[in-house]
Amino acid sequence: MRLFTTIAGLRCYLERHRSGKDVGLVPTMGALHPGHLSLIERARQENAIVIVSIFVNPLQFAPTEDFQRYPRQLEEDRKLCEEVGVDAIFAPTAIELYGKSPLNSDSGIQFTQVVPPGAMTSVLCGASRPGHFQGVATIVTKLLNLVQPERAYFGQKDAQQLAIIRRLVDDLNLPVTIVPCPIVRLESGLAWSSRNKYLTEVQKDRASIIYSALKEAQKVFQAGNRDAVGWRCHSTVIIEAVKSKLIKASDIEVEYIELVHPTTLAPLEQVEQDGLLAIAVRFGTTRLIDNMVLQNRQPIVAIDGPAGAGKSTVTRRVAQELGLIYLDTGAMYRALTWRVMSANIDIDDEPAIAEIVSQSEISLVESNDGVQVWIDEEEVTKEIRSLEVTANVSAIAALATVRRELVKQQQRWGAKGGIVAEGRDIGTFVFPDAELKIFLTASVEERARRRWQDIKEQKQGDMSLEQLEKDIQQRDLRDSTRAIAPLRKAGDAIEIKTDGMSISEVTERIVNLYHQKGFS
Ligand code: AMP
């Protein structure tokens, strides 16, 4: 592992090592804890090169805040990064990043800054920390420009920061994917934070009441929505649930408890689809923040697994049994392929494909004869099964630009919920917050045997079992190491090994798991 303190060193390292490899960036202020490590581990899984920046950014601290006192422990951080397989740490000084111009002087700040929309920076934490998110936006933009990563990892713990950075990346068209990562908590429920170091053990114990209060509000929210269909719990009821719990802790002073839209941060009276319940408290001199996303959508079931494990048949059956929509990703790729073919675009002309695909809108519409596939006002249910589409769909689906667009469209569907989807990275990437994640697999021998049976029944030729096993092994390796949408099992996925199980048995197992989670 390398450690760089200068821009020159970092740039030179990236120039020499990058050559087409994916780079993941994890920006931090150091004093690393399991929350940071979860981001780094995720980055490690998804990128060939992982850079962690460690920089306590003076620009995001007000003069009255804890900039001087903020924990700094580069040597310990270095060891932790080494253990989790980081390739390089970037730990510059403030002078290296901002030059010698004074950061807070009467003459004002003498360098270019990034100013996100006021409506996002002046609310929640921004109300008591003016200038904070401008400082965050500026440093994050600088780091993204310096590292130019394919992906950058941010914790949901700082939900306002995450929303502002996503907005900034969209507004400035920065070529990076922002990957949000779930909050990591101590066993007590307290969210990990570098500032927990300011707390005594007793205070840490007491601070777990913040999470209990959020959970209490979640219960109220869920119960309200369940009891009366179409009824929406009012924000005051949700906020009151948090308050009434926290009132018992006289040493905790609430700075704010608010229910806002997770993307725009605009205040919500009710949660239509998603709501961010955010809280900041003061515990003596320590300021702590936490949050929870309240979801008012139907559940999502994500089914991932290797090729030949029976995913598509099972997914269709599960959707049918649960009365959910089968989000047929294959049909979506086929629809885009049809669109490209019907526009007479050369399959090697990726920029032209990018143009057309980014303007196309796919919809899957339930009808009496099954699901209809539409693209841009045209119904193409039959057309997408043509030989021409079949012959070209894998080449088109392998293009990064097509995949990006499709994920966007899938996630738009996901916002409404009530879907079952299958693939290789549905639970890890497309719908990381799916309520039920299944990893459907079967031994190589079993999958080869099934395939062999199929070939025999459909009289598709002659293929030895041995050859099929070899093919499947190679396909598994290709799928789990491919740059775009690699096969991965989500940490919270339930693995079902289908050796010796019939399709009905597998379907029943998943349907039962869905009910066991409390969904009907
Ligand atoms: P910081 O060092 O506090 O600036 O945090 C660096 C990154 O780690 C930010 O994206 C934070 O949201 C994220 N992070 C901090 N604490 C946690 C946590 N408990 N769980 C998940 N991510 C976290």
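All chains use their own residue numbering, which begins from 1 and follows the written sequence. Given that the model is predicted, a residue must reach a pLDDT of at least 70 before its local features are reported, and side-chain atom pairs must reach 80 or more before they are shown or counted; all residues, however, enter totals for whole chains, interfaces and linings. Each side-chain value is derived from all of the structure's non-hydrogen atoms; neither hydrogens nor water enter the calculation.

UniProt positions are given in the numbering used here, feature names are shortened, and annotations may be inferred rather than shown by experiment. The UniProt record marks Gln-60 and Gln-161 with the feature "binding site: (R)-pantoate" (unreviewed entry), using the residue numbering of this structure. Taken together, the annotated residues stretch across 102 residues yet fold into one region, lying no more than 11.5 Å apart by C-alpha. Gln-60 sits in the buried class, given a relative accessible area of 9%. A distance of 2.9 Å separates a polar atom in the side chain of Gln-60 from a polar atom in the side chain of Asn-57. Every helix listed is a DSSP run of H or I at least four residues long, and every strand listed is a run of E at least two residues long, numbered separately from the N terminus. Mapped onto the fold, Gln-161 is located in helix α8 (residues 159-171). Leave out the neighbours within four places in its chain, and Gln-161 touches Phe-133, Val-136 and Phe-154. Whether a residue is buried, partly exposed or exposed follows from its accessible area with a 1.4 Å probe, protein chains only, as a fraction of its type maximum: under 20%, in between, or over 50%, in that order. By the criterion applied in these results, polar contacts are pairs of N or O atoms within 3.5 Å in which, for protein atoms, one can donate a hydrogen and the other can accept it, and in which residues neighboring in sequence qualify only through two side-chain atoms. We call two residues in contact when some of their heavy atoms are within 4.5 Å.

As a further point, take the site of the ligand. Nearness of a residue to a molecule or strand requires only that one of the residue's heavy atoms be within 4 Å of it. Near the ligand lie 17 residues; those nearest to it are His-36, Gly-155, Asp-158, Val-184 and Trp-192. Between the ligand and Val-184, the relevant distance is 2.8 Å, taken from a nitrogen atom to a main-chain nitrogen or oxygen of the residue. Using the Shrake-Rupley algorithm and a 1.4 Å probe, accessible areas are obtained, with residue cover drawn only from the displayed protein chains. About the coverage of the ligand: the protein hides 93% of its 490 Å² of free accessible area. Elements with a contribution of two residues or more to the shell around the ligand: β2 (23-28), α2 (34-46) and β5 (151-155). The greatest single-element share of the shell around the ligand, amounting to three residues, is contributed by α2. Residues are grouped as follows: Ala, Val, Leu, Ile, Met, Phe, Trp, Tyr, Cys and Pro are nonpolar; Asp, Glu, Lys and Arg are charged; every other residue, Gly included, is polar. Across the shell around the ligand, the residue classes tally to nine nonpolar, six polar and two charged.

Before going further, it helps to spend a moment on the pairing of β5. For β5, a buried count of five out of five residues is recorded, marking the element as mostly surrounded by other parts of the structure. Neither face of β5 is open: one carries Arg-151, Tyr-153 and Gly-155, the other Ala-152 and Phe-154, and all of them are buried. Pairing between two strands requires that DSSP report at least two bridges joining them. Taken together, the two bridges between β2 and β5 define a ladder with parallel strand orientation. Among the inter-strand pairings, Leu-25 is bridged to a residue of β5, identified as Ala-152. Considered for its hand, the β-α-β crossover made up of β5, α8 and strand β6 (residues 177-181) is right-handed. By convention a crossover is right-handed if, when the strands point away from the viewer, the path from the first strand over the helix to the second runs clockwise.

Time to look at the sheet that holds strand β10 (residues 300-304). Spatial ordering of the open sheet is given by β11-β15-β10-β16-β17, a layout of five strands whose pairing is parallel. Where the open sheet ends on each side, the last strands, each with one partner, are β11 (325-327) and β17 (494-497). Each strand axis lies, on average, 25° off the axis of its neighbour in the sheet, ignoring direction. Pairing of β11 with strand β15 (residues 419-423) involves three bridges; the strand directions are parallel. The partner of Leu-327 across the bridge, within β15, is Ala-421. For helices, the fitted line uses only the C-alpha atoms of the stretch in contact; every axis is such a line through C-alpha atoms, and the angle between N-to-C directions lies from 0 to 180 degrees. Here helix α16 (residues 400-416) sits on the sheet and contacts β10, β11 and β15; the angle it forms with β11, its principal contact strand, is near 160°.

Before going further, it helps to examine the packing of helix α13 (residues 329-342) against helix α15 (residues 387-397). It is at 9 Å that the axes of α13 and α15 come closest, and there the two elements cross at 105°. On the basis of their axis angle, the class for α13 and α15 is roughly perpendicular. Where α13 approaches α15, its residues Tyr-333, Arg-334, Thr-337, Trp-338, Val-340 and Met-341 are matched on the opposing element by Glu-388, Val-389, Thr-390, Asn-392, Val-393, Ile-396 and Ala-397. Along the lines of polarity and charge, the residues of the contact of α13 with α15 split into eight nonpolar, three polar and two charged. Should an angle lie under 35 degrees it is considered roughly parallel, over 145 roughly antiparallel, and from 65 to 115 roughly perpendicular; all remaining angles are considered oblique.

A word on the sheet that holds strand β14 (residues 378-379). The three strands are arranged β12-β13-β14 in an open sheet whose pairing can be described as antiparallel. At either end of the open sheet lies a strand with only one pairing partner, and these are β12 (362-367) and β14. For strand β13 (residues 370-375) and β14, the ladder comprises two bridges, and the chain directions are antiparallel. Bridging from a neighbouring strand, Ile-375 pairs with Glu-378 of β14. Packing of α13 onto the sheet brings it into contact with β12, β13 and β14, and relative to β13 it is tilted by some 35°.

Backbone geometry at Asn-173 places phi at a positive 50°, although glycine is not the residue there. For Asn-173, the location among the structural elements is in the loop between α8 and β6. Non-glycine residue Glu-377 carries a positive phi angle of around 70°. Residue placement: Glu-377 occurs in the loop between β13 and β14. Judged by its relative accessible area of 74%, Glu-377 falls in the exposed class.

In this analysis, rings of Phe, Tyr and Trp, with Trp reduced to its six-membered ring, are considered paired at centre separations within 6.5 Å, and the interplanar angle assigns stacked below 30 degrees, edge-to-face beyond 60, and tilted for intermediate values. Under the counting rule described, the total for this entry stands at six aromatic pairs. Centre to centre, the rings of Phe-4 and Tyr-13 are 5.3 Å apart; their planes meet at 45°, and the pair counts as tilted. Overall, Tyr-13 belongs to the buried group, its relative accessible area being 8%. Seen in terms of ring centroids, Tyr-514 and Phe-519 are 5.3 Å apart; in terms of plane orientation they differ by 40°. Their pairing is tilted. The class of Tyr-514 is buried, set by a relative accessible area of 2%. Each member of the aromatic cluster is reached from another via a ring pair, and the members are Phe-55, Tyr-98 and Phe-111. The criterion is that NZ of a Lys, or CZ of an Arg, lies within 6 Å of the ring centre and within 35 degrees of the ring normal, and then a charge sits over that ring. In this structure, Arg-69 is placed above the aromatic ring of Tyr-198, and the distance from its NZ or CZ to the ring centre is 3.9 Å. Of note, Lys-416 hangs over the ring of Trp-413, and the distance from its end group to the ring centre comes to 4.7 Å.

On to the environment of Ser-502, then. By the secondary structure assignment, Ser-502 is in the loop between β17 and α20 (503-516). In sequence terms Ser-502 and Pro-182 are 320 residues apart; their C-alpha atoms lie 35 Å from each other.

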